[in-house]
Structures are given as structure tokens and as C-alpha cells.
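# Residue-level structure breakdown
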Amino acid sequence: MKFRAAGLSDTGLAREHNEDCFGIDGASRLFVVADGMGGHSFGEVASRISIDSIVDFMKSDSADGSVDGQELQPQSRRLKTAIERAQDDVLGAIEQDESLRGMGTTVVGLLLDGETGTLAHVGDSRLYRLRGEEFEQMTEDHTWVNEQVMAGYLTAEQARTHPLRNVVTRALGGEANVQVEVTEVPVQEGDIFLLCSDGLTGMLRDSEIQDLLENGEDLDQTCQSLVDAANDRGGGDNITVVLVSVERDGA
Ligand code: CA
């Protein structure tokens, strides 16, 4: 299968710096979004280190690492290892420069390999899939509010506006042994994947995002429409979107 991809990152209207970052590597069929956090714009450093580290690892011939009991395809193991290496690189940078302590980043990645897609994430950056008329969030946020939703203490609607909605429970840069969540999904011609930071999903509802994807003319223009729509709502955070469309060979 072939694919097309486009990405766009925007500072939004409320923040001085853009601490989000994304990577698209066509040769590796790898797509990644990272949302950095930390004072004095150090989130920028954390998200950039992570994206570079993941893209470089997937380009290299490095072997994959261990997988603690989960049965995964070799490519998926490599993506998981790549994210664990990114964690080491963020922690290494903090060790080198104490002033960076406290920086961290989320990461969400998609790796396409034939008819399998590997999704891997840490934190609250998300991956969605549009298949026909069905628009589905494929990642569960690693956030305190989502844990409350899954336990039945909060509704999804309450979580959207909860004062603690930005508290992530997993991030690169935090605990040494970060748990990367990895899932494999079948990929079909016609699927459109969206990777995004919470600057998009905090401003727009899923149904609004779906409308923009369905009515987009091409991927670049759709990325711009998504960013514009989030900014129209106030652009309270950095906004990053990566779109990947799976197409027939020869298309
Ligand atoms: Ca954010």
C-alpha cells in the first residue's frame, strides 16, 4: 500500500513558544507527534530530542529490545525500543544540563508496515482513524482524568473541562522506566490516520474534527483547516497535526 502524509504545527494564540514537534519519515513509514512541557520553553528541547531520537533509531539498523511478555511484530518492537531510547536521550540531556530538569514530552507514533500499523504512545497526544464514516480514537490518554473516566468516576464530558485535565500520568523525561503503550491494527486502503497534540483536541470535539477530515480537499489543506479551527476557538495551546492517508498501490 502507498500513503500520503502531511503535517503542520502552530503556536496557537495563547502561548509564546511552540513546544510541539512532529516528524514524518517516508522511507521508514514513520509518523510522530510530540508535545513538550517544562518551564522556560524547555518543552521545545524535550519534544525535539524525542522526535530526532525516534526518527534516527528507526532509520538505523539497530536491533529491537525486549518486550516484557507482549507478542509484537519486529517492526513494532523497534518502534517501542525507539521511544524507550528517546526517553534515555531526554534523561541524558537533563543529566548534562541541570537547568533542563523538569522538562518532558508526550509522544505518539504510527509506523506502517504492509497491512499492519503500529501505534505507540506515552501521554495525551492522540491517534485517530477515519475509516469510511467511522472516526475512532485509537489511543487512550495517559492522563489523570482519563483514568477517572475509565474507572467510572468522571464522564468523558466532565473530563473535557476538568481543571486537572492537563495532568499526564506518563511522559518521556519522568520516571526512568517509562511504559510505552503499543498496539497493532490492520490497515486498509482508504484509512486516514490523524496524530495530534491536545491543542487540537482541547479546542475541538471529535465530531468537528471528523467533519473537517471528511470535507478536506487534500491533506495539506486539511491540516491547515484543523489548525485554523482550533485557533478560531481561542488557540489556547500549541496545535500539531499529522495526517496519513493510505492509498492503493499505483494510485
Ligand atoms: Ca499541549
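Residues numbered from 1 in each chain as written. Predicted model: local features only at pLDDT ≥ 70, side-chain atom pairs only at ≥ 80, totals over all residues. Heavy atoms only, no water.

### Some points on the pairing of strand β2 (residues 20-25)
Sheet topology places β2 next to strand β3 (residues 30-37); 6 bridges connect them, and they run antiparallel. Residue pairing for β3: F22 is matched across the bridge by V33. In sequence, β2 turns back onto β3 through a hairpin of 4 residues, with R29 there showing a positive phi of about 55°. (Pairing = 2+ DSSP bridges. Helix = DSSP H or I, 4+ residues; strand = E, 2+ residues; numbered from the N terminus.)

### Some details on the sheet that holds strand β7 (residues 134-137)
An order of β1-β10-β9-β6-β7 is seen for the 5 strands of this open sheet, with the pairing classed as antiparallel. Two strands bound the open sheet, and with one partner strand each, they are β1 (2-10) and β7. Across the sheet, the mean angle from the axis of one strand to that of its neighbour is 15°, orientation sign disregarded. As judged from the 5 bridges shared by strand β9 (residues 192-196) and strand β10 (residues 239-247), these two strands associate in the antiparallel manner. (Axes fitted to C-alpha atoms, helices over the stretch in contact; angles between N-to-C directions.)

### Looking at the coordination of the calcium ion
Donor atoms from the polypeptide that coordinate the calcium ion comprise D35 (OD), D35 (OD), D198 (OD) and D237 (OD), at 2.3 to 3.1 Å from the metal. Sequence positions of the donors to the calcium ion reduce to the motif D-x162-D-x38-D. Taken together, the positions of D35 in strand β3 and D237 in the loop between α7 (219-232) and β10 put the pair 202 residues apart, joining distant regions of the chain. (Donors = N, O, S within 2.8 Å, 3.2 Å for Na, K, Ca; no water.)

### Regarding the environment of R15
Relative to the helices and strands, R15 is located in the loop between β1 and β2. Residue class for R15 comes out partly exposed when judged on its relative accessible area of 42%. Separated by 222 residues in the primary sequence, R15 and D237 place their C-alpha atoms 6.2 Å from one another. In this structure, R15 is in contact with G236, D237 and N238, ignoring residues within four places of it in sequence. At 2.9 Å, the side chain of R15 forms a polar contact with the side chain of D237. (Buried < 20%, exposed > 50% of the residue type's maximum accessible area, 1.4 Å probe, protein only. Contact = heavy atoms within 4.5 Å. Polar contact = N/O pair within 3.5 Å; in protein donor to acceptor, adjacent residues only side chain to side chain.)

### What to know about the sheet that holds strand β4 (residues 104-113)
Spatial ordering of the open sheet is given by β2-β3-β4-β5-β8, a layout of 5 strands whose pairing is antiparallel. Strand pairing shows two members of the sheet lacking a second neighbour, β2 and β8 (181-186), which therefore form its edges. In this sheet, neighbouring strand axes are inclined to one another by 10° on average, regardless of whether the strands run parallel or antiparallel. Here 8 bridges tie β3 to β4, and the two strands are oriented antiparallel to one another.

### What about the packing of helix α6 (residues 206-215) against α7?
Interhelical geometry of α6 versus α7 gives an angle of 150° and a closest axis separation of 9 Å. Regarding the angle of α6 to α7, the classification is roughly antiparallel. Both α6 and α7 take part in a crossing whose hand is right-handed. In contact with I209, L212 and L213 of α6, α7 contributes T222, S225, L226 and A229. (Parallel < 35°, antiparallel > 145°, perpendicular 65-115°, else oblique. Left-handed = near helix turned anticlockwise from the far one by under 90°.)

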